[in-house]
Amino acid sequence: MLFRKGRVLRATFGCNPNSSSLGVDVTFLLFGATFASALALVLGSLLHRPPDP
Amino acid sequence: MKLEVVRARAERFGGIVEVARPRALLHVDREMMRELGQPPSALWDSPAPADAPLVAPTEVHLVLSRRCAAGCTGCYVDATPQGPALSLEQARLVLDELAAMGVFHVALGGGEALELDYLFEVAAHARSVGITPNLTTSGLGLGAPQAARCRVFGQINVSVDGVGEGYRRARGFDGFAHAERALRLLRAVKEEVGVNCVVSRSSFDGLEEVARLVRTLRLNELELLRFKPVGRGARLDQELTPDQARRIYPLARRLMLRHRIRVKLDCSFAPMVFWHRPSARAAAFWGVQGCVAGDVLAAVAPEGDLLGCSFAGPAEADARVPGAIRAAWPGGFSSFRGFVRSAPEPCKSCEYLRLCRGGCRAVAAAHGAFSAPDPGCPRVQEWTARSAAEQKAGTFALPVVRG
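In this text, all values refer to a predicted model and were calculated from it rather than measured experimentally. (Residues numbered from 1 in each chain as written. Chains lettered and ligands numbered in written order. Predicted model: local features only at pLDDT ≥ 70, side-chain atom pairs only at ≥ 80, totals over all residues.)

### Focus: the overall build of chain A
Within chain A, the secondary structure is distributed over 2 helices and 3 strands. Mapped from its N terminus to its C terminus, chain A presents α and β elements in the order β-β-α-α-β. (Helix = DSSP H or I, 4+ residues; strand = E, 2+ residues; numbered from the N terminus.)

### Description of the overall build of chain B
Helices and strands together make up the secondary structure of chain B, namely 15 helices and 13 strands. Taking 2.2 N^0.38 as the reference for a compact globule, 403 residues should give roughly 22 Å; the C-alpha atoms of chain B span a radius of gyration of 22 Å, in line with that estimate. If one aligns the C-alpha atoms of chain B with their principal axes, the spans along those axes are about 80 × 60 × 45 Å. Burial analysis of chain B (403 residues in total) assigns 51% to the buried set. For chain B, restricting intrachain contacts to residue pairs at least 6 apart in sequence, the fraction spanning at least 24 positions comes to 67%. (Rg over C-alpha atoms; globule rule 2.2 N^0.38 Å. Buried ≥ 20, exposed ≤ 12 C-beta atoms within 10 Å, placed from the backbone. Contact = placed C-beta atoms within 7 Å.)

### Regarding the sheet that holds strand β10 (residues 263-266) of chain B
Taken in spatial order, the 11 strands line up as β2(A)-β10(B)-β9(B)-β8(B)-β7(B)-β6(B)-β5(B)-β4(B)-β11(B)-β12(B)-β13(B) in an open sheet, and their pairing is mixed. The outermost strands of the open sheet, each flanked by one partner alone, are β2 (22-25) of chain A together with β13 (317-318) of chain B. Taken together, the 4 bridges between strand β7 (residues 156-159) of chain B and strand β8 (residues 193-199) of chain B define a ladder with parallel strand orientation. Bridging from a neighbouring strand, N157 of chain B pairs with G194 of chain B of β8 of chain B. Contacts from helix α7 (residues 207-216) of chain B reach β8 and β9 (221-226) of chain B, with the element oriented near 175° to β8 of chain B. (Pairing = 2+ DSSP bridges. Axes fitted to C-alpha atoms, helices over the stretch in contact; angles between N-to-C directions.)

### Section: unusual backbone geometry
Residues and elements named next belong to chain B. Along the chain, R21 connects to P22 via a cis peptide bond; the corresponding omega equals -10°. Mapping P22 onto the fold places it in the loop between β2 (14-19) and β3 (24-29). At R218, a residue that is not glycine, the phi angle is positive and equals roughly 55°. Summarising the element assignment, R218 is placed in the loop between α7 and β9. Residue classification places R218 among the exposed residues on the basis of 11 C-beta atoms within 10 Å. The backbone phi angle of F333 is positive, close to 60°, even though this residue is not glycine.

### Here we look at the pairing of β2 of chain B
One face of the sheet, then the other: side chains in a regular strand alternate in exactly this way. Residue and element names in this part refer to chain B. For β2, the buried fraction is high: 6 of the 6 residues fall into the buried class. In this sheet, β3 lies alongside β2 in antiparallel orientation, the contact comprising 6 bridges. Within the sheet, the bridge partner assigned to G14 lies in β3 and is D29. Where β2 folds back on β3, the antiparallel hairpin that results is connected by 4 residues.

### What to know about the packing of helix α2 (residues 88-101) of chain B against helix α3 (residues 119-128) of chain B
Residue and element names in this part refer to chain B. For the pair α2 and α3, interaxial distance at closest approach is 10 Å and the crossing angle is 20°. In this view, α2 runs roughly parallel relative to α3, as classed from their interaxial angle. Both α2 and α3 take part in a crossing whose hand is right-handed. In contact with L88, A91, R92 and L95 of α2, α3 contributes E121, V122, H125 and A126. In terms of residue class, the contact of α2 with α3 is built from 5 nonpolar, 1 polar and 2 charged. (Parallel < 35°, antiparallel > 145°, perpendicular 65-115°, else oblique. Left-handed = near helix turned anticlockwise from the far one by under 90°. Nonpolar A, V, L, I, M, F, W, Y, C, P; charged D, E, K, R; others polar.)

### Description of the environment of L95 of chain B
Residues and elements named next belong to chain B. Position of L95 relative to the elements: it lies in helix α2. We classify L95 as buried; it has 25 C-beta atoms within 10 Å. In the structure, L95 is positioned 36 residues away from I131 in sequence and 8.0 Å away in space, judged by C-alpha atoms. Residues contacting L95, with those up to four places away along its chain left out, are V106, H125, A126, V129 and I131.

### Remarks on the pairing of strand β1 (residues 3-11) of chain B
Strand direction decides the pairing type here: strand β3 (residues 47-48) of chain A and β1 of chain B, joined by 2 bridges, are parallel. Directly across from H48 of chain A, in β1 of chain B, lies its bridge partner E4 of chain B. Judged from the 6 bridges that link them, β1 of chain B and β2 of chain B form a sheet pairing that is antiparallel. If you follow E11 of chain B over to β2 of chain B, its bridge partner there is G14 of chain B. Adjacent in sequence and paired antiparallel, β1 of chain B and β2 of chain B are bridged by 2 residues.

### Thoughts on the sheet that holds β2 of chain B
Spatial ordering of the open sheet is given by β1(A)-β3(B)-β2(B)-β1(B)-β3(A), a layout of 5 strands whose pairing is mixed. In this open sheet, the two edge strands, each paired with only one partner strand, are β1 (8-13) and β3 of chain A. Sheet topology note: the β1 of chain A/β3 of chain B ladder contains 5 bridges and is antiparallel. Considered in β3 of chain B, the bridge of F13 of chain A is made with A24 of chain B.

### Quick look at the interface of chain B and chain A
Counting from both sides, the interface comprises 69 residues of chain B and, opposite them, 39 residues of chain A. By residue class, the composition of the side of chain B that touches chain A is 37 nonpolar, 18 polar and 14 charged.

### Considering the nonpolar core
Side chains of a nonpolar character, in soluble globular proteins, are inclined to be buried together. If you look at the biggest cluster of nonpolar residues, it comprises 133 residues, and the most contacted ones within it are L62, L64, V106 and C197 of chain B. The contact partners of C197 of chain B, leaving out residues within four places of it in the chain, are V160, D161, L207, V210, L222, L224 and L225 of chain B. (Core = buried A, V, L, I, M, F, W, Y, C linked by C-beta atoms within 7 Å.)

### Quick notes on α3 of chain B
All names here are of chain B. Those residues of α3 lying buried are L119, V122, A123, H125 and A126. Projected down its long axis, α3 shows its buried positions confined to an angular sector of 160°, all on one face. Tucked into the core, α3 has its buried residues touching α2, β5 (105-109) and β6 (132-137). (Arc of directions from axis to C-beta.)

### Section: the confidence of the model for chain B
Mean pLDDT over chain B stands at 94; residues scoring 70 or higher make up 98%. Scored as a complex, the prediction yields pTM 0.93 and ipTM 0.92. (pLDDT = per-residue confidence, 0-100.)

### A closer look at the packing of α7 of chain B against helix α8 (residues 242-259) of chain B
Residues and elements named next belong to chain B. Where α7 meets α8, the axes come as close as 10 Å, and the angle between the chain directions of the two elements is 35°. Note that α7 runs across α8; the crossing there is right-handed. Contacts from L207, E208, A211, R212, V214 and R215 in α7 reach L251, L255 and H259 in α8.

What follows is the structure, given as structure tokens:
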């Protein structure tokens, strides 16, 4: 399915090994809201239901 | 290309899905959860409140012990060579409960977790119940056989608060060569290896060298952690100066671009980032948040205390008691969760309040008031200075009229 009605609201990448939580991924914050909106659409279209066991 | 969902859990707004490649947690709405074939949830029967906490943390810091031989001068858990530790059985019980709640990641730390001979059993158990174990270590004493076993972890970060002499100044002993060797050994067996660097007043100027090290060793991230005056760190005068607090976010961006490395700032740096007024929409999408204790994050201390975060907060339950974490989660952590609703100025009027959540509670508590705005926030500092100036001016400008 290329486009879905559902939306990706937030994305965090990687794992946090620390005692304090991951707060700011500087890499991604460089990109603005337009990029985030576009990426949300792309991620939503690529999400894939796992095969039934 | 497809992003296969490996785990998912329902939330009031929809749900959180975990993707393995690239490793990510995605918050999705209810419609997307249905489209992904997730079972309907009773949480979706009513509208989602805007400020409701998650139904479980996504990550939990498991402080396995306060045991460490290094004796770092600023250790926030006050670790000693004979410090207390969670037993293997206790750690397994905690992990079982976290897995049942839908927790995705644990951060294993200490103390020095590698000093525990059952660390790898804890990590293997986490994997067996579907939780990704991550590790922070000093790297001291890590050999090639141990490094090979570290494949069980997701992300491993080695603490490097400075390069060469900078390391000794920051930690109080000359351990840089050991940390660098550990990084090389770990990088030889896995890609998800990075550096944790505590940013203090004295280590600030050495961040460029640490970033260069991350690039040279081809590590996957540099995590900058704000110095917090807790544990043995409370005795040190190492909090960032107001000028450094304003410069940390632009510096992090510069390090990222110059060295082409991934740079992260921990949650306690949120006020320093929002002072630069980034896009709030973008920040929300990328999960840029301040204090997420008792919401995204929880911690379990070696004594069993369930905490909002490992730096601060009252104990909400004894996590070693089966069912205690699950029982405490829905109604607990009010000291953390209540901040936004009752925020004092200047947080109350800040457009980033819902994201920043008043900065770091641990730092505020260390300065005497758990529920006060973070005193390291540039906006708070400006507001305090302005208030003091206005008060002073008012004293001189207004005549005192007595009846």
